[in-house]
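Observations on the three-dimensional arrangement
Here is how the chains run, residue by residue.
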Amino acid sequence: MNEKNINQTVKTSFEKVTPDVFDQVVEHCTPRAAKTVVLPTRKNPYLRMISVAAAFLLLLGIAFTSIGYGWSNAVTTTVSLDVNPSVEILLNRNEKVKEIHALNEDARIILGDMNFEGSSLDVAINALIGSMLRNGYITELANSILISVDDNNSDRAKNLQEKLTREIETLLQTETFNGAILCQTVTKTDELSAVAKAHNISLGKAKLINQLVAQNTTYTFEDLVGLSINDLNLLVESGHAAPENTQSSGTASEKAYIGFDKAKEIAFTHAAVPAGTTLNAKTDLDSEKGIIIYEVEFTYDGYEYEYDINATTGEILHVEKERDDDKRPSDNQSGTQTTPNQGTSSDSQSGTSNPPAATELTAEQVKQIAFNHAGVTADKVYGLKVERDRDDGVVTYDVEFKADGVEYEYEIHAVSGKILEYDSERDDDAARTSSTQTVSAKTEPAVTESKATETKTTGAPATITADRAKEIALAHAGVSAADARGLECETDTDDRVDHYDVEFKANGLEYDYEISFDGTVLKSEKERDD
Amino acid sequence: MSGHDHTRTLELSLVGIAAGQSDAFEVLYQETHAGVYAFALSILKNAHDAQDILHDTFLKVYDTAPTYTPMGKPMAWILTITRNLCYSHLREKQKTAEIAPEEWDLHIEPREDLNREERIVLSEGLKTLSDQERQIVLLHAVSDLKHRQISELLSLPLSTVLSKYRRAIKKLEQLLGKETDE
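On a predicted model such as this, the values are computed, not experimentally measured, just so you know.

1. Some points on the environment of B:Ser13
Residues and elements named next belong to chain B. Take Ser 13: it is sitting in helix H1 (residues 3-18). Along the sequence, Ser 13 and Val 27 sit 14 residues apart, while their C-alpha atoms lie 6.8 Å from each other. If sequence neighbours within four positions are ignored, Ser 13 has contacts with Ala 24, Val 27 and Leu 28.

2. With respect to the interface of chain B and chain A
Of the residues lining the interface, 48 residues belong to chain B; the matching set on chain A comes to 40 residues. Of all the secondary structure elements, the ones that give two or more residues to the side of chain B that touches chain A are H1, helix H2 (22-44), helix H3 (47-64), helix H4 (74-95), helix H5 (116-125), helix H6 (131-141) and helix H8 (158-181) of chain B. Looking at the side of chain B that touches chain A element by element, the count peaks at nine residues for H8(B).

3. Topic: the packing of H4(B) against helix H7 (residues 147-154) of chain B
All names here are of chain B. The N-to-C vectors of H4 and H7 enclose an angle of 30°; their axes lie 11 Å apart at closest approach. Taken together, the axis directions place H4 and H7 in an arrangement best described as roughly parallel. Relative to H7, the crossing made by H4 is right-handed. Note on element contacts: H7 touches H4 through Gln 149, Glu 152 and Leu 153, opposite Ala 76, Leu 79, Thr 80 and Arg 83. The residue inventory of the contact of H4 with H7, partitioned by class, reads three nonpolar, two polar and two charged.

4. A word on the packing of H2(B) against H6(B)
Residues and elements named next belong to chain B. Where H2 contacts H6, the axes come no closer than 9 Å and their chain directions differ by 175°. Overall, the two elements H2 and H6 adopt an arrangement that is roughly antiparallel. In contact with Ala 38, Phe 39 and Ser 42 of H2, H6 contributes Arg 134, Gln 135, Leu 138 and Leu 139. Tallied by class, the residues present in the contact of H2 with H6 amount to four nonpolar, two polar and one charged.

5. Looking at the pairing of strand S12 (residues 394-403) of chain A
Successive residues of a regular strand alternate their side chains across the two faces of the sheet. All names here are of chain A. Judged by how many residues are buried, S12 sits mostly within the fold: seven of ten residues are covered. Judged from the eight bridges that link them, S12 and strand S13 (residues 406-413) form a sheet pairing that is antiparallel. Residue pairing in the sheet places Thr 396 in a bridge with His 413 of S13. Once S12 ends, the chain turns through two residues before running back antiparallel as S13, passing Asp 404 with a positive phi of about 50°.

6. Brief notes about helix H11 (residues 229-237) of chain A
Residues and elements named next belong to chain A. Of all nine residues in H11, eight are buried; the element is thus mostly enclosed. Turning to H11, its buried residues are Ile 229, Asn 230, Asp 231, Leu 232, Asn 233, Leu 234, Leu 235 and Val 236. One or two positions beyond H11, positive phi appears at Gly 239, with a value near 85°.

7. Some points on the confidence of the model for chain B
All names here are of chain B. On average, residues of chain B carry a pLDDT of 85, and 87% of them reach 70 or more. Within chain B, H1 has the poorest average pLDDT of any element, 82, and H6 the best, 93. Scored by ipTM, the complex comes to 0.90, with pTM at 0.40.

8. Structural notes on the nonpolar core
With 112 residues, the main nonpolar core has A:Ile147 and A:Ile309 as its most contacted residues. A total of eight residues in this core trace back to one element, the largest contributor, which is helix H6 (residues 121-134) of chain A. Not counting chain neighbours up to four residues away, the residues in contact with A:Ile147 comprise A:Val79, A:Leu81, A:Gln161, A:Leu164, A:Thr165, A:Ile168, A:Ile181 and A:Cys183. Among the nonpolar cores identified, the runner-up in size contains 61 residues, and A:Val10, B:Ala34, B:Val161 and B:Leu162 belong to it.

9. Comments concerning the sheet that holds strand S2 (residues 86-92) of chain A
Residues and elements named next belong to chain A. Taken in spatial order, the six strands make up an open sheet running S3-S2-S1-S4-S5-S6, and their pairing is mixed. Of all the strands in the sheet, just strand S3 (97-102) and strand S6 (246-249) have a single pairing partner and so form its edges. Each strand axis lies, on average, 15° off the axis of its neighbour in the sheet, ignoring direction. One ladder, built from six bridges, connects strand S1 (residues 75-82) with strand S4 (residues 144-151); its direction is antiparallel. In the strand pairing of S4, Ser 80 is matched with Ser 148. Packed on one face of the sheet, H6 meets S1, S2 and S3 and runs near 170° to S2. The sheet contacts of helix H9 (residues 203-215) involve S1, S2, S4 and strand S5 (180-185), and relative to S4 the element is tilted by about 105°.

What counts and how
Residues numbered from 1 in each chain as written. Chains lettered and ligands numbered in written order. Predicted model: local features only at pLDDT ≥ 70, side-chain atom pairs only at ≥ 80, totals over all residues. Helix = DSSP H or I, 4+ residues; strand = E, 2+ residues; numbered from the N terminus. Contact = placed C-beta atoms within 7 Å. Axes fitted to C-alpha atoms, helices over the stretch in contact; angles between N-to-C directions. Parallel < 35°, antiparallel > 145°, perpendicular 65-115°, else oblique. Left-handed = near helix turned anticlockwise from the far one by under 90°. Nonpolar A, V, L, I, M, F, W, Y, C, P; charged D, E, K, R; others polar. Buried ≥ 20, exposed ≤ 12 C-beta atoms within 10 Å, placed from the backbone. Pairing = 2+ DSSP bridges. pLDDT = per-residue confidence, 0-100. Core = buried A, V, L, I, M, F, W, Y, C linked by C-beta atoms within 7 Å.

Encoded structure:
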């Protein structure tokens, strides 16, 4: 019996002995909210009466801010949620939903055809947050949400605020990230309503932006209104403003941006600071003209530098370089090493020095880099997944795919296209269905030198492919590919020397190789596999 | 069904469950219940308790499906729920001084529909493995997890998972090989 048959036997035996509890589970399930909240308003004569009455009162134009306080069905509270979708929930005093308004296009996507009329606030919040997660509005990259409560009764507003914060906090505890919540009370004024309406945002977001603008003179309402709540939260966390009476929990994610380290690297490269120079740089996240930027300030070789760098693309937006009066510059070096430009934009400079490739590669380009490196063509690839990620402040793409029974995983630098990490392993699913194919993929020397040269375009200095590295290691160990188990190959950057790490087991021994990219065996180790 | 399709089916089911489609829940249950049960059993080593956890896992999956973010790892997500339920179950048991059995002793009723190999696996096979070896084999064979995902779920280095898996398969190979030779 081979491995495949054993796995299959274990699987089928468990499929047979696992008790069937499906019916019991279903019995205990509370029916899903979205399906049950459709309230038959029109069939309820009482409710209809109320709405007619309410409409009548409105027609009379009674200047009565809250229509019939005693009416349990009148709107007493407005809760708004802002992420980028802005949703406004109108509640009666029993916390039943009267109406939900989508304030922008994103909110219409979130709401879909869900109908919450008459359902409890909890149900609506649950479904709305779920929908925001599913539709990718709240993610690891942007995890902030703003809750605003508008209620004449300040105790009720405060309680509701606390309750919602707790509830949404729980809903946003996911496998990979936690939410960041800003919570405030808001009072409706004509002025605020007009501003909110003009920009398709909630009163709450309008209030938050108003506060930021009031506290920080470099901001304007128009600049900030396009930012998401996560961006605004980042500005608050960076200390550029501290909105009053706003509770904050969790930490806003910065993962959508290149990060301070990368921003520093870009600035240093641009200023021609030699690699390895340690500089004290001051970094800050801020917003300018409606985009999030990193500010990098440092002193080098007698000059003070100030950079504004687009936090998404890494593009240098603004450079300032001036003589540092505290220090005496080494005169004969300055001026030639760097191209000075006093307080002008980087445009005039592009081309003279060596500006980093500031724009990110597209997913398509990155995919091609991985395919080239793996020596596969697009038509052979299946199960492809490309994800943009940020690792230690560097934006990367994670590319996963399968081809010829091998599963590949790449981590590729989003700007330079350099392959940072690479991993391939035999695809067990393919092995289960066609083991012969897998074996041939492993033993076949699929590498040709022409494929290897293709990898050069990726920026990685690989001259041999991972498969070739495996072959070299196997040959060195005197082990045939068929006997090697758990064969793995990864690129590594120990001590800045790029090489492949090849590991496998055979005949009771565990082998560990380091193969340089020109095919030299740098290190070989074997030990008893116990 | 290839692994990719399988993952996709599970993710679609989770989204369907979140939207209140009752058949989506049944699809998910059918596709994953053996894997959940096997994993619970590998931790608890008690068929009765594992059945409870099986029940509770799916209840929880149903309740929390709206918070699931599709990231290509639906099974790992479900099994994380299972693992957490098992651990809190064990904590409860410790309070009442009941201790999980040291030995793997699965009392499975002799069943007509089990073939010879399956019987050997269930009775002798899994008993010859260490706790971790058994757990890894079950997660791989029944729950369809990749070795990498197993290493994440169990917080073990990938190399450990791989070597234990190898050793476990070898043991089963020997046992089943010997038995079938007779």
